[in-house]
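Here's the letter readout for the chains.
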Amino acid sequence: GAVVSQHPSWVICKSGTSVKIECRSLDFQATTMFWYRQFPKQSLMLMATSNEGSKATYEQGVEKDKFLINHASLTLSTLTVTSAHPEDSSFYICSASPPGDLNSPLHFGNGTRLTVT
Amino acid sequence: KQEVTQIPAALSVPEGENLVLNCSFTDSAIYNLQWFRQDPGKGLTSLLLIQSSQREQTSGRLNASLDKSSGRSTLYIAASQPGDSATYLCAVGTGANNLFFGTGTRLTVIP
């Protein structure tokens, strides 16, 4: 079955530094990947849609200059949290689906727990 | 904007019981509805996907139903086991694989 790999699974960084999270589709090509954020005891919220070869589409309220998304290949999307602050501490999860109709199930990575000190 | 609600927020049952988790959504114009399982600190595992034209899907001890007109879905778990303990998330697909998630039901199955 379709597998999505996310790295790292957890990261601790100091305030003001930048952190890069990778999302890879291991056995399929994904022209579109999705980045979600989950705060403690809350549900997942879509942050942005990553489009291969073009700019990402950000949801309302998500700062594109703070959360840089690069989707340079059909199997890799990266999310960079720039100048991280403690309020950016969260669980970040990516998802992707094999190309095809819109009703194919989404496959999720195992997530990245970011802690900013 | 689509809003997804899950009730109850938490549920504890003794092992062997059958149980039902509820999900409701405000906009019936959906492509599909998906149920996920999330273990603490982990990603999501897809359990069942119901297309908008379908009324239910089954996988092993799991059965999910969909009533689009009333904006409801249920996840039925038969003969619950301690290994079923997790948070169960309902997500509504509105197109282009965009999902709106509920806040989840945290299930504890007591041995």
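Residues numbered from 1 in each chain as written. Chains lettered and ligands numbered in written order. Predicted model: local features only at pLDDT ≥ 70, side-chain atom pairs only at ≥ 80, totals over all residues. Heavy atoms only, no water.

Chemist: Can you break down the state of the cysteines residue by residue, with the values?
Modeler: Residue and element names in this part refer to chain A. If you walk through the whole model with that rule in mind, you get 2 disulfides over all chains. In this model Cys23 forms its disulfide with Cys94; the gap between the sulfur atoms is 2.0 Å. Disulfide Cys23-Cys94: the torsion about the S-S bond is 80 degrees, which places it as right-handed. With a gap of 71 residues between them, Cys23 in strand S3 (residues 19–25) and Cys94 in strand S9 (residues 90–96) connect regions that are remote in the sequence. One exposure class covers both Cys23 and Cys94, and it is buried. (Disulfide = S-S within 2.5 Å. Helix = DSSP H or I, 4+ residues; strand = E, 2+ residues; numbered from the N terminus. Buried < 20%, exposed > 50% of the residue type's maximum accessible area, 1.4 Å probe, protein only.)

Chemist: Mind laying out unusual backbone geometry, listing which residues take part and the relevant values?
Modeler: A cis amide bond links A:His7 to the next residue, A:Pro8, at an omega of 0 degrees. Within the secondary structure, A:Pro8 sits in the loop between strand S1 (4–7) and strand S2 (10–13). B:Ile7 connects to B:Pro8 through a cis peptide bond whose omega is 0 degrees. Tracing the backbone through its elements, the reader meets B:Pro8 in the loop between strand S1 (4–7) and strand S2 (10–14).

Chemist: So, the pairing of S2(A): which residues are in play, and what are the values?
Modeler: A regular strand places its side chains on the two faces of the sheet in alternate fashion. All names here are of chain A. Here S2 shows a buried face lined by Val11 and Cys13 and an unburied face lined by Trp10 and Ile12. Here S2 pairs with strand S11 (residues 112–116) via 4 bridges, running parallel. Bridge pairing links Trp10 to Arg113 in S11. (Pairing = 2+ DSSP bridges.)

Chemist: Pulling in residues and values, what's your account of the interface of chain B and chain A?
Modeler: Facing 22 residues of chain B, the contacting portion of chain A comprises 19 residues. When the two sides are added together, the surface that chain B and chain A hide from each other amounts to roughly 1,700 Å², 54% of it contributed by carbon and sulfur. Where chain B touches chain A, the interface holds 0 salt bridges. The tally of links between chain B and chain A comes to 3 residue pairs in polar contact (both at pLDDT 80 or more). For the side of chain B that touches chain A, the elements supplying multiple residues, two or more each, are strand S4 (32–38), strand S5 (44–51) and strand S10 (99–101) of chain B. (Contact = heavy atoms within 4.5 Å. Buried area = accessible area lost by both parts, 1.4 Å probe. Salt bridge = Lys/Arg side-chain N within 4 Å of Asp/Glu carboxyl O. Polar contact = N/O pair within 3.5 Å; in protein donor to acceptor, adjacent residues only side chain to side chain.)

Chemist: Please set out the packing of aromatic side chains residue by residue, giving values where relevant.
Modeler: If you walk through the whole model with that rule in mind, you get 6 aromatic pairs over all chains. Their ring planes at 40 degrees and their centres at 6.4 Å tell us that A:Phe67 and A:Tyr92 sit as a pair that is tilted. Highlighted residues: A:Phe67 in strand S7 (residues 67–73) and A:Tyr92 in strand S9, separated in sequence by 25 residues. Accessibility classification places A:Phe67 together with A:Tyr92 in one group, the buried group. Ring geometry for A:Phe108 and B:Phe101: centres 6.0 Å apart, planes at 80 degrees, overall edge-to-face. With A:Phe108 in strand S10 (residues 107–108) and B:Phe101 in strand S10, this residue pair bridges two chains. The exposure classification of A:Phe108 matches that of B:Phe101, with both residues buried. Pairwise contacts between aromatic rings join A:Tyr36, A:Phe108, B:Phe36 and B:Phe101 into one cluster. (Phe/Tyr/Trp six-rings, centres within 6.5 Å; stacked < 30°, edge-to-face > 60°.)

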